[in-house]
Amino acid sequence: MIERKRVRPQLSDEASAYIRALIMSGSLRPGAQVRPEVLGEALQISTTPVREALQSLRVEGFLELVPRKGFQVAPLTGQDIRDIFRVQALIGGELAARATLKATESDLAELEALHHELIAAAARHDEVLLEEKNHAFHREINLLADSRKIIWVMGLVSRYVPRRFYSTIQGWPQATVDDHSKLLEAIRSKDADTARQEMEEHIMHSGELLAAHFDERVASSEKSAETTPDETPKKAPGLARV
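Rules and cut-offs
- Residues numbered from 1 in each chain as written.
- Predicted model: local features only at pLDDT ≥ 70, side-chain atom pairs only at ≥ 80, totals over all residues.
- Heavy atoms only, no water.
- Pairing = 2+ DSSP bridges.
- Helix = DSSP H or I, 4+ residues; strand = E, 2+ residues; numbered from the N terminus.
- Contact = heavy atoms within 4.5 Å.
- Axes fitted to C-alpha atoms, helices over the stretch in contact; angles between N-to-C directions.
- Buried < 20%, exposed > 50% of the residue type's maximum accessible area, 1.4 Å probe, protein only.

Another point: the sheet that holds strand 1 (residues 33–34). Strand order across the open sheet formed by three strands is 1-3-2, with antiparallel pairing between neighbours. Each edge of the sheet is formed by a strand with only one pairing partner; in this case those strands are strand 1 and strand 2 (63–66). Relative to strand 3 (residues 70–73), strand 1 is paired through two bridges, and the arrangement is antiparallel. The residue bridging Gln-33 from the neighbouring strand is Gln-72, located in strand 3. Against the sheet, helix 3 (residues 47–60) engages strand 1, strand 2 and strand 3, with an angle of about 105 degrees to strand 2.

To continue, consider unusual backbone geometry. The phi angle at Gln-44 is positive, at roughly 60 degrees, despite the residue not being glycine. Residue position: Gln-44 is located in the loop between helix 2 (36–43) and helix 3. The partly exposed category is assigned to Gln-44, whose relative accessible area is 31%. Even without a glycine there, the phi angle at Arg-68 is positive, about 65 degrees. Relative to the helices and strands, Arg-68 resides in the loop between strand 2 and strand 3.

Encoded structure:
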């Protein structure tokens, strides 16, 4: 019983992240019904943590609970995604500027190592490693900023930015490599203003790619009327089994 109490919240959090990514990528379109048993089967977990995840996503605004119909994906547009990324860009730019002024030679070496690993992952089309190194690169910059409250706010906003499936969006891997190269050069030069600008442009660029991808997926699914919650992948990556 004690072990289950430790594991279940983790499963719920991971299920939330997975469903969030399905919504933000357009795989679950606005208005689509979200059935706990279908998602539980896809994630290979029980419906209990899935239901907990759905309740959390309702509070966050991703889902709506409709009487006699259950959970449905809340209205979402490409412009909503662009707005979310604009907010993140402003916060991320401030963190990048502060990190630039505080980065030591050792810190810079770590960022450069992560960047080279990201380039290698992109060249090998290793999507999982690419996403991992991208996250690590941004996390390192945020930590270097040493601004706990701003990082906390960034964490809240970042809930709306999917990590899963992102590297499969057309143009994102190369855009990430190019944008990070320019950002790293600004940090290396101790140019905080340019670092701020490069980070803002990078995040906005990523948001535009995701928004365009989302709009295309939603338009396609509405035209064909074939996408349903039952089309959730039969097996989801990266989740523990119960």
